[in-house]
Amino acid sequence: MNNKFDALKDDDSGDHEQDQGSPKDSEKEKIEDDDKEQIIIKKKMVVPGAGEHPLQYNYTFWYSRRTPGRPASTQSYEQNIKQIGSFASVEQFWRFYSHMIRPGDLTGHSDFHLFKEGIKPMWEDDANKMGGKWIIRLRKGLASRCWENLILAMLGEQFMVGEEICGAVVSVRFQEDIISIWNKTASDQATTARIRDTLRRVLNLPPNTIMEYKTHTDSIKAWEDFHGLVNASGGR
Amino acid sequence: MEVSRKRLFLKHLEPARPLRRHAQLDVARISYTRGFLIDLASSPEAKKRPEHLPEHPIVLTEAVRCVQVQDF
């Protein structure tokens, strides 16, 4: 339903152009419900503002933090992950980014995720389930700069792999930080090689930096094996 | 005279063709270099607080500059 006029058109007999005084209670409710629906749609369908620089895709920022002592499962992971906001233009991206802590200043076991709007930062999402990710482990002190370079390359469409990119993650851990970029098709070697080469170029990493590609099916298997053995404690 | 004026008026009311814009977007992807994106970070539009920002420990009250601008 596009707007409240369509809603009225569908429901009544077409006499809504006549002045009937105040609407009946049921109609009033309908209009209010529809306004609520409009607000939800507006929040979901973010568009570039006038004069702003549009992005190829809309994106959503997410944040997650492991809560100690709670059982880890797909369900609790989904509950733990918080949506910060979505954007459609370069200017809107900077507005969110400049109002968020830098990854290097995060404490504890936490992650920032930046994914295309509509893709959840989860292995199980339809866009991710056949996919995988490039992982780069970083010594402490590099995360903020590398994360910024990574997401600027993604938003600026520097990877040149069509629709393949799903999103990027920075994971702050105890002794190291990890950045990763997720793509749709793990079996597409031309795509994964191109992503790797672009990563090397845009991140300006030291030559000895190790890059590892991991399929999400391997990640799921490793996670299930581990949690089967240690009785479900910890994150993913 | 009257008729032709009316026709002219109606011609201006022909619907726009929004699909043409989308067709163009499909051909060329919108790409930006890192330098261009960083330059835009300094624009006043980029520093405004987003409308629907949740209250959260990782959300800042004041905007901070991007890492690249901070360091150089």
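Residues numbered from 1 in each chain as written. Chains lettered and ligands numbered in written order. Predicted model: local features only at pLDDT ≥ 70, side-chain atom pairs only at ≥ 80, totals over all residues. Heavy atoms only, no water.

Draft legend 1. Representation of the nonpolar core in the model. All names here are of chain A. Counting 55 residues, the largest nonpolar core has Phe61, Trp94, Trp147, Phe159 and Leu199 as its most contacted members. Among the elements that take part in this core, helix H5 (residues 143–155) stands out by supplying nine residues, more than any other. Here Phe159 is in contact with Leu150, Ala153, Met154, Ile165, Ile181, Arg194, Ile195, Thr198 and Leu199, once residues within four sequence places are set aside. One finds Trp62, Ile81, Phe115 and Trp123 within the second-largest nonpolar core, a separate group that totals 12 residues. (Core = buried A, V, L, I, M, F, W, Y, C linked by side-chain atoms within 4.5 Å. Buried < 20%, exposed > 50% of the residue type's maximum accessible area, 1.4 Å probe, protein only. Helix = DSSP H or I, 4+ residues; strand = E, 2+ residues; numbered from the N terminus. Contact = heavy atoms within 4.5 Å.)

Draft legend 2. Quick look at unusual backbone geometry. Residues and elements named next belong to chain A. A positive phi is found at Met160, a non-glycine position, where the angle reads about 50 degrees. Mapped onto the secondary structure, Met160 falls in the loop between H5 and strand S5 (165–172). The exposure class of Met160 is exposed, given its relative accessible area of 56%. Even without glycine at this site, Asn204 takes up a positive phi of about 50 degrees. One can find Asn204 in the loop between helix H6 (189–203) and strand S7 (211–215).

Draft legend 3. Structural view of the environment of A:Arg95. Within the fold, A:Arg95 resides in helix H4 (residues 90–98). You can call A:Arg95 buried: its relative accessible area is 14%. Taking the C-alpha atoms as reference points, A:Arg95 and A:Gln56, 39 residues apart in sequence, are found 18 Å from one another. Setting aside its immediate chain neighbours within four residues, A:Arg95 contacts A:Glu52, B:Glu45, B:Ala46, B:Lys47, B:Lys48 and B:Pro50. A polar side-chain atom of A:Arg95 sits 2.5 Å from a polar atom in the side chain of A:Glu52. (Polar contact = N/O pair within 3.5 Å; in protein donor to acceptor, adjacent residues only side chain to side chain.)

Draft legend 4. Layout of the pattern of salt bridges. Counted by the stated rule, this structure contains 11 salt bridges over all chains. Here B:Arg29 makes a salt bridge to A:Glu163, at a shortest N to O gap of 3.6 Å. Of the two residues, B:Arg29 sits in the loop between helix H2 (18–27) and helix H3 (34–40) while A:Glu163 sits in the loop between H5 and S5, which places them in two different chains. Taking relative accessible area as the criterion, A:Glu163 reaches 46% and is therefore assigned partly exposed. (Salt bridge = Lys/Arg side-chain N within 4 Å of Asp/Glu carboxyl O.)

Draft legend 5. Inspection of the side chain of A:Arg102 at higher detail. With respect to the secondary-structure elements, A:Arg102 resides in the loop between H4 and strand S3 (110–116). Buried A:Arg102, no salt bridge; nearest opposite-charge side chain is A:Glu148, N-O distance 4.5 Å. A distance of 3.1 Å separates a polar atom in the side chain of A:Arg102 from the backbone oxygen of A:Tyr97. A distance of 2.9 Å separates the side chain of A:Arg102 from the backbone oxygen of A:Met100, its partner in a polar contact. If we skip the residues at most four places from it in the chain, A:Arg102 touches A:Tyr97, A:Phe112, A:Ser144, A:Glu148, B:Val64, B:Arg65, B:Cys66 and B:Val67. (Lys, Arg positive; Asp, Glu negative; His and termini not counted.)

Draft legend 6. Here's a closer look at the interface of chain B and chain A. At the junction of the two partners, chain B supplies 37 residues and chain A supplies 34 residues. Between chain B and chain A, roughly 3,100 Å² of surface is buried when both sides are summed, and carbon and sulfur atoms account for 62% of that area. Its largest share of buried area at the contact with chain A, chain B owes to B:Arg29, B:Tyr32 and B:Ile58, together 23% of the area lost on that side. Remark: the boundary between chain B and chain A carries three salt bridges. When the shortest N-O distance is used, the salt bridge between B:Glu45 and A:Arg95 registers 3.1 Å. On inspection of chain B and its partner chain A, the count reaches 14 residue pairs in polar contact (both at pLDDT 80 or more). Of all the secondary-structure elements, those providing two or more residues to the side of chain B that touches chain A are H3, helix H4 (44–47) and helix H5 (67–71) of chain B. Taken together, the residues that form the side of chain B that touches chain A break down as 21 nonpolar, seven polar and nine charged. (Buried area = accessible area lost by both parts, 1.4 Å probe. Nonpolar A, V, L, I, M, F, W, Y, C, P; charged D, E, K, R; others polar.)

Draft legend 7. Structural view of the packing of aromatic side chains. Residue and element names in this part refer to chain A. Counted according to the given criterion, the structure contains 12 aromatic pairs over all chains. Summarising the aromatic geometry, the rings of Phe87 and Phe96 are spaced 6.4 Å apart at their centres and angled 40 degrees between planes, so their arrangement reads as tilted. Across the pair, Phe96 and Phe87 agree in class, each one buried. The interplanar angle of 70 degrees and the centroid separation of 5.2 Å between the aromatic rings of Trp134 and Tyr213 together place this pair among those described as edge-to-face. (Phe/Tyr/Trp six-rings, centres within 6.5 Å; stacked < 30°, edge-to-face > 60°.)

Draft legend 8. Region of the structure containing the sheet that holds strand S2 (residues 81–89) of chain A. All names here are of chain A. One open sheet holds the seven strands; their spatial order is S2-S1-S3-S5-S6-S4-S7, and the pairing between them is antiparallel. In the strand order of this sheet, the two ends are held by S2 and S7, each with one partner. Direction aside, the axes of adjacent strands within the sheet are offset by 20 degrees on average. Lying on the sheet, H4 is in contact with strand S1 (54–65) and S2; it crosses S2 at an angle near 150 degrees. (Pairing = 2+ DSSP bridges. Axes fitted to C-alpha atoms, helices over the stretch in contact; angles between N-to-C directions.)

Draft legend 9. Spotlight on the environment of B:Val67. Here B:Val67 is to be found in helix H5. Sequence-wise, B:Val67 and B:Ile38 are 29 residues apart; in three dimensions their C-alpha atoms are separated by 9.6 Å. What B:Val67 contacts, discounting residues up to four positions off in sequence, is A:Tyr97, A:Arg102, A:Ser144, A:Arg145 and A:Glu148.

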